[in-house]
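# Chains, contacts and geometry: an overview
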Amino acid sequence: MFNEAFSKGSLFNEDGKGKEFLKITEFAAKYGIDTIYTVLGMYTHTKGKFGESGIIITSVANIDVPEHLIKDIKTVRSNADMVEAVNNGKCGLKISTYVDKKGIERYTATFVDI
């Protein structure tokens, strides 16, 4: 319990090193949105110039995801069963599009069971 709360180590087996970093729009253009991608890890950081951001590590790349997914990332990271599922290859990511209030097509992602 305390090790998990105060450990400097990673919660996940995969750290994303060696994989390219892509914005979600770049990821969708390169890999498509019709596939469920295996999630290998995720984290948030505050080192960017726009404040807190989220990164999801997939089987093919690291995805810089929209701000509205930060809450979901934090939910997964705080739940031991979800972390275990990610480490066991049971978490997938589905990329999709939606139209915002201004009529602009945007990308989002949803965690799914695999």
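Up top is the structure.
Below is a short write-up of the structure. (Residues numbered from 1 in each chain as written. Predicted model: local features only at pLDDT ≥ 70, side-chain atom pairs only at ≥ 80, totals over all residues. Heavy atoms only, no water.)

Geometrically, a pair of aromatic rings is defined through the distance of the ring centres and the angle of the planes. Under the defined criterion, the tally for this structure stands at two aromatic pairs. Each ring, one from Phe27 and one from Tyr37, has its centre 4.8 Å from the other, and the planes form 75°; the classification is edge-to-face. Separated by ten residues along the polypeptide, Phe27 in helix α2 (residues 24-31) and Tyr37 in strand β2 (residues 36-45) bring together distant segments of the chain. Tyr37 gets classed as buried once you look at its relative accessible area, which sits at 6%. Linked through ring pairs, Phe27, Tyr31 and Tyr37 together constitute an aromatic cluster. (Phe/Tyr/Trp six-rings, centres within 6.5 Å; stacked < 30°, edge-to-face > 60°. Helix = DSSP H or I, 4+ residues; strand = E, 2+ residues; numbered from the N terminus. Buried < 20%, exposed > 50% of the residue type's maximum accessible area, 1.4 Å probe, protein only.)

Our focus in this paragraph is the pairing of strand β3 (residues 53-58). Burial analysis of β3 places six of its six residues in the buried class, the great majority of the element. Taking every second residue as pointing to the same face, both faces of β3 are buried, with Ser53, Ile55 and Ile57 on one and Gly54, Ile56 and Thr58 on the other. Pairing geometry for β2 and β3, over six bridges, is antiparallel. Looking across to β3, one finds that Thr44 is bridged to Gly54. In this structure, β3 lies alongside strand β4 (residues 62-65), joined through four bridges in antiparallel fashion. (Pairing = 2+ DSSP bridges.)

Moving on to the sheet that holds β2. Overall, mixed pairing links the six strands, which are arranged β1-β4-β3-β2-β5-β6 in an open sheet. The strands lining the two open edges of the sheet, one partner per strand, are β1 (21-23) and β6 (105-113). For this sheet, the mean inter-axis angle between neighbouring strands, taken without regard to orientation, is 40°. Along the sheet, α2 makes contact with β1, β2, β3, β4, β5 (91-99) and β6, crossing β1 at roughly 100°. Strands β2, β3, β4 and β6 of the sheet are contacted by helix α3 (residues 70-77), whose axis makes an angle of about 95° with β2. (Axes fitted to C-alpha atoms, helices over the stretch in contact; angles between N-to-C directions. Contact = heavy atoms within 4.5 Å.)

Two to three positions downstream of the cap, the backbone nitrogen of Asp81 sits 2.9 Å from a side-chain oxygen, assigning the N-cap of helix α4 (residues 80-87) to Asn79. Looking one or two residues past α4, Gly89 carries a phi angle of roughly 75°, positive in sign. (Polar contact = N/O pair within 3.5 Å; in protein donor to acceptor, adjacent residues only side chain to side chain.)

This paragraph deals with the pattern of salt bridges. One pass over the structure, following the stated rule, counts five salt bridges. A salt bridge links Lys19 to Glu14, with the nearest nitrogen and oxygen atoms 3.9 Å apart. Overall, the relative accessible area of 24% leaves Glu14 in the partly exposed class. (Salt bridge = Lys/Arg side-chain N within 4 Å of Asp/Glu carboxyl O.)

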